[in-house]
Amino acid sequence: MDGTPIYFAGSGKGGLFLEKEAMMEDIPSGRAVGRLSLLDTLRGITLVSMILYHAAWDAVYLLGIQWEWYHGTGAFIWQQSICWTFILLSGFCLPLGRHPMRRGVEVFGAGLLVTAVTVLVIPENRVVFGVLTLLGSCMMLTGGLDRLLKMLPPVAGIIGSGLMFLLTRWVNHGFLGWESLWTFQLPDWLYHGLAMTYLGFPEPGFVSTDYFSLIPWCFLFWVGYYLGRIGQCTGFHGRGWKLKLPLLDWMGKHSLLIYLLHQPILYIATMAVGAII
């Protein structure tokens, strides 16, 4: 997989989407718990971080501003903190709400919309198999496998999913394992076609400014899912779950809408600034 011109999740405009619902139902006592405001607040905080990251991305890549730090480890950690947080939270919320298949179809459809718009309007910065496509896929897959996933104890699920995520973290780059410790080179024949690209094996020449393949990210989603199952077992006791910061809470409740709108707003603003300077 050498020489493949591809933008990975760590280098592009990595985005996010989380659940519309942060409700808890069917806990062991049979008593429903109200909306968990802490989850909305965490979504809001990470939304702010994402918007700032994307604004910086536009400044660097669209306006041509020279910012060496943005190409280094610090910016990579910033970007990864955003996508890891949102994927984990999305998985965490899934067992707390209802209709995962329906929500998955909605989010997957939003991902297709983003792809269509970017391919038509800004093909040089197109989004193919972006984070919305990933999260919609994870919701549908998890919804379909829910009975099987529930057979595994939550702690074992967290450990197993976490290990699988670490093992497959760099499949996009052509190998299993962790580069500084142990690696296993994967055969080139895996990296062929859009279907394999969707799974995690990008074909040569594939380009996307927001690429989140099913492997490895579904395993991180399942870590969040099993953390949510532990929350179900414990009943979400404690005042911390009700922590609410009004503006951030509002943003968290409207995360999909904000995600869909912030990109074109930032783009228009960036083009306006570019015309002035």
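Residues numbered from 1 in each chain as written. Predicted model: local features only at pLDDT ≥ 70, side-chain atom pairs only at ≥ 80, totals over all residues. Heavy atoms only, no water.

K.L.:
Even after reading the chapter, I still don't get the pairing of strand S2 (residues 182-185), so can you show me in this structure?
P.N.:
On any regular strand, side chains alternate: one points to one face of the sheet, the next to the other face. As paired strands, strand S1 (residues 175-178) and S2 are joined by 4 bridges and run antiparallel to one another. In the sheet register, Phe-175 faces S2, and the bridge partner there is Gln-185. If you look at the hairpin formed by S1 and S2, you'll find 3 residues sitting between the two strands. (Pairing = 2+ DSSP bridges. Helix = DSSP H or I, 4+ residues; strand = E, 2+ residues; numbered from the N terminus.)

K.L.:
Sorry if this is basic, but what is going on with the environment of Leu-52 here?
P.N.:
Along the chain, Leu-52 turns up in helix H1 (residues 37-61). Using a relative accessible area of 51% as the deciding quantity, one classes Leu-52 as exposed. Spatially, the C-alpha atoms of Leu-52 and Leu-266 are 9.9 Å apart, while their sequence positions differ by 214 residues. (Buried < 20%, exposed > 50% of the residue type's maximum accessible area, 1.4 Å probe, protein only.)

K.L.:
How should the pattern of salt bridges be read in this particular structure?
P.N.:
Once their charged atoms are close, side chains differing in charge can pair, the charge on each being opposite to the other. Using the criterion set out here, one finds 3 salt bridges in the structure. Here Arg-43 makes a salt bridge to Asp-40, at a shortest N to O gap of 2.0 Å. Of the two residues, Arg-43 and Asp-40 both sit in helix H1, 3 residues apart, roughly one turn of that helix. Its salt-bridge partner being Lys-253, residue Asp-249 comes within 3.2 Å of it at the nearest N-O pair. With Asp-249 and Lys-253 both in helix H9 (residues 246-253), this residue pair falls 4 residues apart, about one helical turn. For Lys-253, a relative accessible area of 34% translates into the label partly exposed. (Salt bridge = Lys/Arg side-chain N within 4 Å of Asp/Glu carboxyl O.)

K.L.:
Sorry, what's going on with helix H3 (residues 100-121) here?
P.N.:
Residues spaced three or four apart along an α-helix point in a common direction, a consequence of the helix completing one turn every 3.6 residues. Given a rise of 1.5 Å per residue, 22 residues ought to cover 32 Å, and the 31 Å separating the end C-alpha atoms of H3 matches this to within 8%. Turning to H3, its buried residues are Arg-103, Gly-104, Val-107, Ala-110, Gly-111, Val-114, Thr-115 and Thr-118. In an axial view of H3, the angular spread of the buried residues amounts to 140°, which keeps them on one side of the axis. What points out from H3, more than 90 degrees from its buried face, is the exposed set Arg-102, Val-105 and Leu-120. (Expected span 1.5 Å × (residues − 1). Arc of directions from axis to C-beta.)

K.L.:
Would you mind showing me how to read the packing of H1 against H9 here?
P.N.:
When two helices pack together, you describe them by how their axes are tilted relative to each other and by the distance separating the axes. Interaxial distance between H1 and H9 falls to 7 Å at its minimum, and their mutual angle equals 85°. One way to sum up the angle between H1 and H9 is to call them roughly perpendicular. In contact with Ser-37, Asp-40, Thr-41, Arg-43, Gly-44, Ile-45, Leu-47, Val-48 and Ile-51 of H1, H9 contributes Leu-248, Asp-249, Met-251, Gly-252 and Lys-253. Taken together, the residues of the contact of H1 with H9 sort by class into 6 nonpolar, 4 polar and 4 charged. (Axes fitted to C-alpha atoms, helices over the stretch in contact; angles between N-to-C directions. Parallel < 35°, antiparallel > 145°, perpendicular 65-115°, else oblique. Contact = heavy atoms within 4.5 Å. Nonpolar A, V, L, I, M, F, W, Y, C, P; charged D, E, K, R; others polar.)

K.L.:
It is not clear to me how H9 should be interpreted in this structure. Could you clarify?
P.N.:
Taken together, the buried positions of H9 are Leu-248, Asp-249, Met-251 and Gly-252. On an axial view of H9, the arc spanned by its buried residues comes to 160°, and they lie on one face. Exposed residues on H9 whose side chains face more than 90 degrees from its buried face are Pro-246 and Leu-247. Of the surrounding elements, those touching the buried residues of H9 are H1 and helix H10 (255-276).

K.L.:
Help me out: how do you make sense of the environment of Phe-212 in this one?
P.N.:
With respect to the helices and strands, the residue Phe-212 is situated in the loop between helix H7 (194-199) and helix H8 (214-234). Along the backbone, Phe-212 and Leu-132 are 80 residues apart, and their C-alpha atoms lie at a distance of 8.7 Å.

K.L.:
How should I be thinking about the nonpolar core in this particular structure?
P.N.:
In this structure, Ile-87, Leu-132, Trp-217 and Phe-221 are the most contacted members of the largest nonpolar core, which totals 40 residues. Those elements that provide at least two residues to this core are H1, helix H2 (73-93), H3, helix H4 (131-144), H8, H9 and H10. The element that contributes the greatest number of residues to this core is H8, accounting for 9 residues. Contact partners of Ile-87, with chain neighbours within four places excluded, come to Leu-134, Leu-135, Phe-212, Trp-217, Leu-220 and Phe-221. (Core = buried A, V, L, I, M, F, W, Y, C linked by side-chain atoms within 4.5 Å.)

K.L.:
What exactly am I supposed to notice about the confidence of the model for the chain here?
P.N.:
Reading fine detail from the predicted coordinates is not recommended where pLDDT is low. Scored by pLDDT, the chain comes out at a mean of 85, with 87% of its residues at no less than 70. Between residues 1-11, whose pLDDT stays under 50, and residues either more than four places distant or in other chains, the model counts 35 contacts. The model gives residues 14-32 a pLDDT under 50, and that stretch makes 73 contacts with residues more than four places away or in other chains. (pLDDT = per-residue confidence, 0-100.)

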